[in-house]
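Next come the chains, spelled out residue by residue.
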Amino acid sequence: MRIRARVGMSVDGHVTTPTGWPAHTADPAFVSGQSHGIREVLEGCEAAVMGRTTFEPALTNDRWPWPDLDVFVLASRRPAGTPDHVVTDGDPARLLEMIRAANRGGDVHLVGGPRTIQTFHALGALDTLELVVVPLLFGGGMRLTPALDPSLGLTFHSERALPGGAVEIVYSCKGSRSPLPGSPASQR
Ligand SMILES: NC(=O)c1ccc[n+]([C@@H]2O[C@H](COP(=O)([O-])OP(=O)(O)OC[C@H]3O[C@@H](n4cnc5c(N)ncnc54)[C@H](OP(=O)(O)O)[C@@H]3O)[C@@H](O)[C@H]2O)c1
């Protein structure tokens, strides 16, 4: 099982729009149906994990965003309307144990946000940081740091251009338990 954090980011380094929406959702290519590679990633995933702030908007979505995945949420209180099958816990280490106990061999999509990515990094449980840089400038919004510790050790793994002008950059993270195939850490 790998825990894969995937983050949309504007060219000027913001992971949210000035109004707080994930960066990639502002991309016209996303609005017209381009998934920014997430469909391929989800093919290898069996679970999604995220912080409460990122999770809560899904409760009022027209469509449940994770129909085929187990869902885990880091939250000190269970948000009203949370479906019964969603696991919530306020203790990051305990939530990680539950994710590992439920795992059937697939990957885990760490949806975000920055605080929860940092929390999993601090637990030594972050395997990849995958950035999708969308061709937009926001001039404001949340950044990945300071929530994400700048000492996070990144080893470049791959990049690819995505339809619509976005670019995907994948890094494996220092101390990863499950390094990416072909990465230097996997060859030690
Ligand atoms: N660009 C992207 O791809 C992307 C992806 C996802 C989200 N986002 C954006 O990210 C923003 C939210 O990010 P965020 O970092 O502020 O929030 P977040 O990580 O989504 O959620 C934060 C919440 O998670 C819980 N949590 C996180 N770390 C914890 C810890 N160490 N111990 C205990 N609880 C912990 C807390 O819940 P409690 O308060 O209940 O204790 C905390 O308030 C949103 O604006 C969202 O749109 C962007």
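Look up: the structure comes first, before these words.
Thresholds applied
Chains are numbered independently. Their residues run from 1 in the order of the written sequence. Where local features are concerned, this predicted model is filtered to residues with pLDDT of at least 70; where side-chain atom pairs are given and counted, the filter is 80 or more; whole-chain, interface and lining totals use all residues. Just so you know, side-chain values use all the structure's heavy atoms and leave hydrogens and water out. Here a helix means four or more residues in a row that DSSP labels H or I, a strand means two or more in a row labelled E, and each is numbered from the N terminus. Partly exposed residues are those whose accessible area sits between 20% and 50% of the maximum for their type, while under 20% is buried and over 50% is exposed, using a 1.4 Å probe and protein chains only. Any two residues whose heavy atoms approach within 4.5 Å are treated as being in contact. Only the protein chains shown count as cover for residues, with accessible areas throughout obtained via the Shrake-Rupley method and a probe of 1.4 Å. His is not counted, nor are the chain ends; Lys and Arg add positive charge and Asp and Glu add negative charge. To locate a charge, take atom NZ for lysine, CZ for arginine, CG for aspartate or CD for glutamate. Criterion for a salt bridge: a side-chain nitrogen of Lys or Arg within 4 Å of a carboxyl oxygen of Asp or Glu. By definition, two strands form a pair when at least two bridges between them are found by DSSP. Nonpolar core, defined: a set of buried Ala, Val, Leu, Ile, Met, Phe, Trp, Tyr and Cys residues in which side-chain atoms within 4.5 Å join the residues together. Any residue with a heavy atom lying within 4 Å of a molecule or strand is counted as near it. In protein, a polar contact requires one atom able to donate a hydrogen and another able to accept it; more generally it is a pair of N or O atoms within 3.5 Å, and residues adjacent in sequence count only if both atoms are side-chain atoms.

K.L.:
Before we move on, could you go through the overall build of the protein chain and cite the residues and values that matter?
P.N.:
Counting its regular elements, the protein chain contains 5 helices and 8 strands. For the protein chain, the succession of helices and strands along the chain, N to C, is β-α-α-β-α-β-β-α-β-α-β-β-β. C-alpha atoms of the protein chain, sized along the principal axes, occupy 45 × 40 × 30 Å. Taken across its 188 residues, the protein chain has 45% of its residues classed as buried. For the protein chain, the share of sequence-separated contacts (at least 6 apart) that also reach a separation of at least 24 residues comes to 64%. Surface summary for the protein chain: the accessible area is close to 9400 Å², and the carbon and sulfur share equals 54%. For the protein chain, the distance from the average site of its 17 positive side-chain charges to the average site of its 19 negative ones is 4 Å.

K.L.:
Kindly report on the pattern of salt bridges, identifying the contributing residues and their values.
P.N.:
One pass over the structure, following the stated rule, counts 12 salt bridges. One salt-bridge network, held together by shared partners, links Arg2, Arg4, Arg6, Glu40, Asp107, Glu130, Arg160 and Glu168.

K.L.:
Quick one: what's the story with the pairing of strand β7 (residues 154-161), residue by residue and with numbers?
P.N.:
On a regular strand, each side chain points to the face opposite its neighbour's, so the side chains alternate between the two faces of the sheet. Sheet topology note: the β7/strand β8 (residues 167-173) ladder contains 7 bridges and is antiparallel. Considered in β8, the bridge of Glu159 is made with Ile169. Between β7 and β8, which pair antiparallel one after the other, the connecting turn spans 5 residues, and Gly164 there sits at a positive phi close to 100 degrees.

K.L.:
Go over the nonpolar core, please, and point to the residues and values.
P.N.:
Judged by nonpolar contacts, the single largest core of 26 residues is most densely connected at Val49, Leu110, Phe120, Leu129 and Leu144. Those elements that place two or more of their residues in this core are β1 (3-10), β2 (45-51), β3 (70-74), α4 (92-102), β5 (107-112), α5 (114-122), β6 (128-134) and β8. Not counting residues within four places of it along the chain, the set of residues in contact with Leu129 comprises Ala5, Val7, Leu144, Leu148, Leu152, Leu154, Ile169, Val170, Tyr171 and Cys173. Ranked by size, the runner-up nonpolar core spans 12 residues in total, among them Val41, Cys45, Met50 and Trp66.

K.L.:
Give me the lowdown on the environment of Phe138, citing residues and values where you can.
P.N.:
Among the secondary structure elements, Phe138 is positioned in the loop between β6 and β7. With a relative accessible area of 15%, Phe138 lands in the buried category. With 84 residues separating them in the primary sequence, Phe138 and Thr54 have C-alpha atoms 19 Å apart. Among residues more than four places away in sequence, those in contact with Phe138 are Ser10, Asp12, His14, Thr16, Thr17, Pro18, Ala23 and Ala26.

K.L.:
How would you explain the site of the ligand if you had to name every residue and give the values?
P.N.:
The full set close to the ligand counts 27 residues, and Val15, Arg52, Thr54, Arg115 and Thr116 are the nearest of them. At a separation of 3.3 Å, an oxygen atom of the ligand approaches a polar backbone atom of Leu74. Take Arg115: an N or O atom from its main chain is 2.7 Å from an oxygen atom of the ligand. Protein chains bury 83% of the 920 Å² of accessible surface belonging to the ligand in isolation. Mapped by element, the contributors of at least two residues to the shell around the ligand are β1, α3 (52-55), β5 and α5. With 4 residues, α5 is the single largest residue contributor to the shell around the ligand.

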